[in-house]
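Overview (structure and organization)
Here are the chains, one letter per residue:
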Amino acid sequence: MAKRDYYEVLGLDKNASADDIKKAYRSLAKKYHPDINKEPGAEEKFKEINEAYDVLGDPDKKAKYDQYGFDDPTAGFGGSSGFSGFSSGGFGGFEDIINSFFGGGSSRRGGPSRGEDIQRK
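An account of the accompanying structure is given in this report. (Residues numbered from 1 in each chain as written. Predicted model: local features only at pLDDT ≥ 70, side-chain atom pairs only at ≥ 80, totals over all residues. Heavy atoms only, no water.)

Focus on the packing of aromatic side chains
Given two aromatic rings, one states the distance between the centres and the angle between the planes to describe the pair. Inclusion rule: Only Phe, Tyr and Trp rings take part, Trp by its six-membered ring, and two of them pair if their centres are within 6.5 Å. Stacked means planes under 30 degrees apart, edge-to-face means over 60, and tilted covers everything else. Each helix is a run of DSSP H or I of at least 4 residues and each strand a run of E of at least 2, with the numbering of both proceeding from the N terminus. For each residue, the accessible area found with a 1.4 Å probe, counting protein chains only, is set against the maximum for its type, and the residue is called buried under 20%, exposed over 50%, and partly exposed in between.
Enumeration over the complete set of coordinates arrives at five aromatic pairs. When the centroid spacing of 6.2 Å and the interplanar angle of 40° are considered together, the rings of Y7 and Y65 count as tilted. Of this pair, Y7 sits in helix α1 (residues 6–10) while Y65 sits in helix α4 (residues 59–68); the two residues are 58 residues apart in sequence, bridging distant segments of the chain. Each member of the pair, Y7 as well as Y65, is classed as buried. Measuring from centroid to centroid gives 4.2 Å for Y25 and Y53, while their planes differ by 20°, and the two rings are stacked. Of this pair, Y25 sits in helix α2 (residues 18–32) while Y53 sits in helix α3 (residues 42–56); the two residues are 28 residues apart in sequence, bridging distant segments of the chain. This pair shows no difference in class: Y25 is buried, exactly as Y53 is.

Things to note about the packing of α3 against α4
Stated precisely, the cut-off is as follows: Axes here mean lines fitted to C-alpha atoms, for a helix over just the part in contact, with angles spanning 0 to 180 degrees between N-to-C directions. Relative orientations are named as follows: roughly parallel for angles under 35 degrees, roughly antiparallel for angles over 145 degrees, roughly perpendicular for angles from 65 to 115 degrees, and oblique for any other angle. By definition in these notes, contact holds between two residues if any of their heavy atoms fall within 4.5 Å.
Running from amino to carboxyl end, α3 crosses α4 at an angle of 100°, the nearest separation of the two axes being 6 Å. Between α3 and α4, the crossing angle belongs to the class labelled roughly perpendicular. Contacts between α3 and α4 involve D54, V55 and L56 from the first element and K61, K62 and Y65 from the second.

Just distances and angles here, no functional claims.
Structure, rendered in structure tokens:
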């Protein structure tokens with residue numbers, strides 16, 4: 001099966017801004033997340049959306065994709081490589097997706113980890 005253009009996957013034109021790309025990704029990720037959408041094909045669509053955002057959400061990968069499409073062998077997003085797994089999505093990954101569903105706060109990545117304030121002797 002041939003890959004679809006990543007802009008088409010996210011429903012964007014090639015002049016989309018980084019914010020437009022992120023908004024489209026979040027909206028589609030919520031809609032097709034396998035824990036929420038049980039329709040046939042939703043999981044594959046979700047993987048395709050993640051793959052598109054993995055490239056378009058990264059400025060370096062996006063520049064290579066915009067210049068070469070799927071034909072750049074050094075970019076790693078063409079040919080038979082297929083989907084290589086879920087990415088962090090550039091905004092914290094699944095934790096932020098789940099938080100957006102349930103109104104959770106921001107990620108704790110920036111703060112100290114639990115127990116860091118304990119000193120050992």
